[in-house]
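A look at the structure
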Amino acid sequence: MTEFSKPYGEKYRPQFHFSPPAKWMNDPNGLVYYQGEYHLFYQHNPDDIVWGPMHWGHAVSKDLMHWEHLPIALAPNEHGTIFSGSAVVDWHDTSGLFSGGHGLVAIFTHADECLETKQHRQRQSIAYSLDKGRSWRFYDENPVLADPNEPDFRDPKVFWHEDSEKWVMVLAVGTRIRFYGSPNLKEWEFLSEFTGGCTASVWECPDMFPLAVDGNPENLHWVLLVDVQDGGPTGGASPMYFIGDFDGVTFTPHKQQADNLWLDYGRDVYAGVTWSDIPAEDGRRIFIAWMNSWQYANEIPAPSWRGAMTVPRTLELRSSAQGLSVVQNPVQELESLRKGRTTIPAQAVEGRLELEQEFSECLDLELEFVANGAEEFRLQLVSGDQEATVVGYNFTTQQLFVDRRRSGEVDFSPAFAGVHQAPLVTEDGKISLRILLDKSSIEVFANGGQAAITDLIFPREGSRRINLTSEGGSTQVRKLNIYPLASVWK
């Protein structure tokens, strides 16, 4: 059996990130926790490695790392193809679909063409499961929400709002968000509308949820996530967010946050949403996103599969001198994949330091450093004589960056090669980084998750060497731990 015929053994196949068994995948959908399982649905074309007629693929996990693939959950029917959406547990049978019990309800966009006008249209429908998500039934009276005047009318995220005792739907409509309310998931009424921030292109895949400031449950604010197809910090698609308050009808952003903030400064995070119904004793808000970009998603060098998800991340709301912001870090379950550790002694680096070891393709790195006169510090992940992915920080401009211009295969799209930067203020002169490296991706989390950069990379060589470079003076490296990571696929 060759490498390319092994399940999950293809050249660039991620080893600790979720990807479909084969063919195309994009947005995560229907994220819900129910009876001991995390459900992950996703936009899926089962017949090709490019975007096409959308289905909901399906997988479940008990630990957010190891996934069991299940049959396609939702397939196109007379109402159209299955675009993005969400899923909830109807604990009190508000829908009347569970004979007084409880079960899963998926709320999603049906996309088709109006027979009379020949115009593309998007309408909201529901489906439900009586067997923990193993099979699904479309609601007989679909669609449950439509607006013939809005061509971009999609991606419903639904949650139960305890204070007003109703379901709330957050829906992307053009470059706006609409809020709808329902007592039963079937009948919806308009509540309010919100817009602001980046409106350079259509909005997609919204989410909204409360977070405690600095972990204080007495100080809650709401976070509204929205993805834009164009106009992000790298020039393409990107997730943005707003912080504000929600009274069950209207979302009101904080005055000091009239513009949006960016969740990730890389090129390859999109359509990210969070799991619903995480148990209260857990208490985390867990996020995952499609790790790709519409600028080249149909062209990446993967001949049998296309599309992967980011590592699941916990989202928290923290205060700082710069104000409130959402911070994100890999879920703690990722540490269970570590297999050994290499620790590089603390030392001053001036010029170039080449580590002697050769490392595997999948790594979890912890790095902490302070400037000792340096202008810029870089960590190079070397994958060949002419290839290296660079993670660095410029102390003068206060910018974190990932440079993938020489990261491997970069010429499959003119939009791929580049340097992606995130603003980052040092903490008492210190920068701490958590870097996750898979066979075809890099995720960088800085200063406890204050900034993140996520990028795809396609290095031609498998193993990697690590170089450290300090320019303009010395950098004191206080910590460098390198953990090889095990594959989650058997």
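Everything numeric here is computed off the predicted structure, so don't read it as measured data.

A closer look at the sheet that holds strand β1 (residues 23-34)
- The strand order across the open sheet formed by 5 strands is β4-β3-β2-β1-β20, and the pairing between neighbours is mixed. Of all strands in the sheet, those bounded by a partner on one side alone are β4 (67-74) and β20 (305-306).

Comments concerning unusual backbone geometry
- Cis peptide bonds are those with omega within 30 degrees of zero, and the linkage from N142 to P143 qualifies with -5°.
- With respect to the helices and strands, the residue P143 is situated in the loop between β8 (137-138) and β9 (153-161).
- You will see that Q35, though not glycine, has its phi angle at about 50°, which is positive.
- For Q35, a relative accessible area of 42% corresponds to the partly exposed category.
- Positive phi outside glycine occurs at D93, with the angle close to 50°.
- Secondary-structure assignment places D93 in the loop between β5 (81-90) and β6 (103-113).
- Of the residues examined, D93 reaches a relative accessible area of 13% and is grouped as buried.

Topic: the nonpolar core
- Of all hydrophobic cores here, the largest spans 54 residues; its most connected members are F179 and L433.
- No other element matches the 5 residues that strand β33 (residues 465-484) contributes to this core.
- Discounting residues that sit within four places of it in the chain, L433 has contacts with L365, E366, L367, F369, V391, L400, V444, F445 and A446.
- By size, the runner-up hydrophobic cluster in this structure holds 30 residues, among which are Y42, A59, V311 and V488.

Describing the sheet that holds β8
- One open sheet accounts for 4 strands, arranged β5-β6-β7-β8; its pairing is antiparallel. Each edge of the open sheet is held by one strand with a lone partner, namely β5 and β8.
- In terms of strand pairing, β6 meets strand β7 (residues 120-129) through 10 bridges, oriented antiparallel. Within β7, the position partnered with A106 by the bridge is A127.

Some details on the packing of aromatic side chains
- In this structure the tally under the stated criterion is 35 aromatic pairs.
- Ring geometry for F159 versus F246: centroids 6.3 Å apart, planes at 70°, classification edge-to-face. One end of the pair, F159, is in strand β9; the other, F246, is in strand β15 (residues 238-246), and 87 residues separate them in sequence.
- You can call F159 buried: its relative accessible area is 14%.
- Judged by its relative accessible area of 8%, F246 is buried.
- Measuring from centroid to centroid gives 5.6 Å for F412 and F458, while their planes differ by 85°, and the two rings are edge-to-face. A residue pair is termed long-range when its members are at least 10 positions apart, and F412 in the loop between β28 (399-406) and β29 (419-423) and F458 in the loop between β32 (451-456) and β33 qualify at 46 residues. Per residue, the accessibility class of F412 equals that of F458, and both read buried.
- Each residue in the set Y8, F18, Y42, W67 and W489 is aromatic and connected to the rest through ring pairs, giving one cluster.

Focus on the layout of surface pockets
- In this model, the largest pocket occupies a volume close to 1,200 Å³.
- Taken together, 40 residues make up the lining of the largest pocket; nearest its centre are W160, P210, D277, I278 and R285.
- Secondary structure elements with two or more residues in the lining of the largest pocket: β5, β9, β13 (203-213), β14 (216-228) and β21 (313-320).
- With 6 residues, the single largest contributor to the lining of the largest pocket is β13.
- If you go around the second largest pocket, you meet 26 residues; those closest to its centre are S320, Q322, L324, S325 and Q450.
- When residues of the lining of the second largest pocket are traced back to their parent elements, those giving at least two are β15, β17 (261-262), β22 (323-330) and β32.
- Of the residues contributing to the lining of the second largest pocket, the split by class is 13 nonpolar, 12 polar and 1 charged.

A word on the environment of T250
- Along the polypeptide, T250 turns up in the loop between β15 and β16 (251-253).
- The class for T250 is partly exposed, based on a relative accessible area of 30%.
- Separated by 72 residues in the primary sequence, T250 and R178 have C-alpha atoms spaced 9.5 Å apart.
- Apart from the residues within four sequence positions on either side, T250 is in contact with S192 and D245.

A few points about the pattern of salt bridges
- All chains considered together, the criterion is met by 30 salt bridges.
- R405 is paired through a salt bridge with D403; the nearest N and O atoms lie 2.7 Å apart.

Looking at the environment of W51
- Mapped onto the elements of the fold, W51 is located in the loop between β2 (37-45) and β3 (55-61).
- We classify W51 as partly exposed; its relative accessible area is 41%.
- Here the alpha-carbon distance between W51 and N394, two residues 343 residues apart in the chain, equals 38 Å.
- With residues up to four places along the chain from it excluded, the contact list for W51 reads W24, N26, N45, F83, W294 and N298.

Rules used in this analysis
- Residues numbered from 1 in each chain as written.
- Predicted model: local features only at pLDDT ≥ 70, side-chain atom pairs only at ≥ 80, totals over all residues.
- Heavy atoms only, no water.
- Pairing = 2+ DSSP bridges.
- Helix = DSSP H or I, 4+ residues; strand = E, 2+ residues; numbered from the N terminus.
- Buried < 20%, exposed > 50% of the residue type's maximum accessible area, 1.4 Å probe, protein only.
- Core = buried A, V, L, I, M, F, W, Y, C linked by side-chain atoms within 4.5 Å.
- Contact = heavy atoms within 4.5 Å.
- Phe/Tyr/Trp six-rings, centres within 6.5 Å; stacked < 30°, edge-to-face > 60°.
- 1 Å grid on protein atoms, 1.4 Å probe; cavity = no way out; pocket = protein on both sides within 12 Å on 5 of 7 lines; lining within 4 Å.
- Points joined across faces, edges and corners; volume = space filled by probe spheres on them.
- Nonpolar A, V, L, I, M, F, W, Y, C, P; charged D, E, K, R; others polar.
- Salt bridge = Lys/Arg side-chain N within 4 Å of Asp/Glu carboxyl O.

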